Amino acid sequence: MKAFGDQRIAAGEKILVVDLEACTGMDSTFMGTLAGMAARLAAQEGGALQIVDPGSRNHRSLEDLGLDFLMQIDPPEASWRGHLDQVRKALVPPEATPSPTSLQRTKLVLEAHQELAGQNEKNAETFSNVVTMLEKELAEKEKKSGPSGE
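How each quantity is defined
- Residues numbered from 1 in each chain as written.
- Predicted model: local features only at pLDDT ≥ 70, side-chain atom pairs only at ≥ 80, totals over all residues.
- Heavy atoms only, no water.
- Buried < 20%, exposed > 50% of the residue type's maximum accessible area, 1.4 Å probe, protein only.
- Helix = DSSP H or I, 4+ residues; strand = E, 2+ residues; numbered from the N terminus.
- Pairing = 2+ DSSP bridges.
- Right-handed = clockwise from strand over helix to strand, strands pointing away.
- Contact = heavy atoms within 4.5 Å.

**Q** How would you sum up the pairing of strand β2 (residues 48-52)? Please name residues and give values.
**A** Counting buried residues along β2, 5 of its 5 residues qualify, which places the element largely inside the surrounding structure. Covered by surrounding structure in β2 are A48, Q50 and V52 together with L49 and I51, the residues of both alternating faces. One ladder, built from 5 bridges, connects strand β1 (residues 15-19) with β2; its direction is parallel. Residue V17 lies in a different strand from β2, and its bridge partner there is Q50. Handedness of the β-α-β unit built from β1, helix α2 (residues 28-42) and β2 comes out right-handed. Taken together, β2, helix α3 (residues 55-64) and strand β3 (residues 72-73) form a β-α-β motif whose crossover is right-handed.

Rendered as structure tokens:
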């Protein structure tokens, strides 16, 4: 998800739409990844991350972390409104990317949680132990992998 979002943002996309219709739940890493993409898009004029059909549970999760202020959830003025079924039918899965190494995975998870912690004081407190643990884990993995990486 992060690789695809980064690729689209680098290609000049200003609005990314994430359809959560089939998503039954999100973990903090996924929400942190969404928050990071939303922040990068919001820094651009006219940029936004739009969330489609999150369902009540996912919507509540995003609200609980204060992410509803960072991204547009089911925006009524979105260009895809009224065409959602057509858009869903025309979607093509992105090209597969190589699986991240253990070191890369730890970096991704750490970045996601740092993003969440940076959103507000409540999140900073909630995720401080996770961030600390991941920083230690990353330092150990970097030490073991040496200068060449994994």
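Let us keep going from here.
**Q** Report on the environment of V17, specifying residues and quantitative values.
**A** If you trace the backbone, V17 turns up in strand β1. The class of V17 is partly exposed, set by a relative accessible area of 41%. Each C-alpha atom, one on V17 and one on V52, is 7.0 Å from the other, the two residues being 35 residues apart in sequence. Once residues lying within four places of it in the same chain are set aside, the contact partners of V17 are Q50, V52 and W80.

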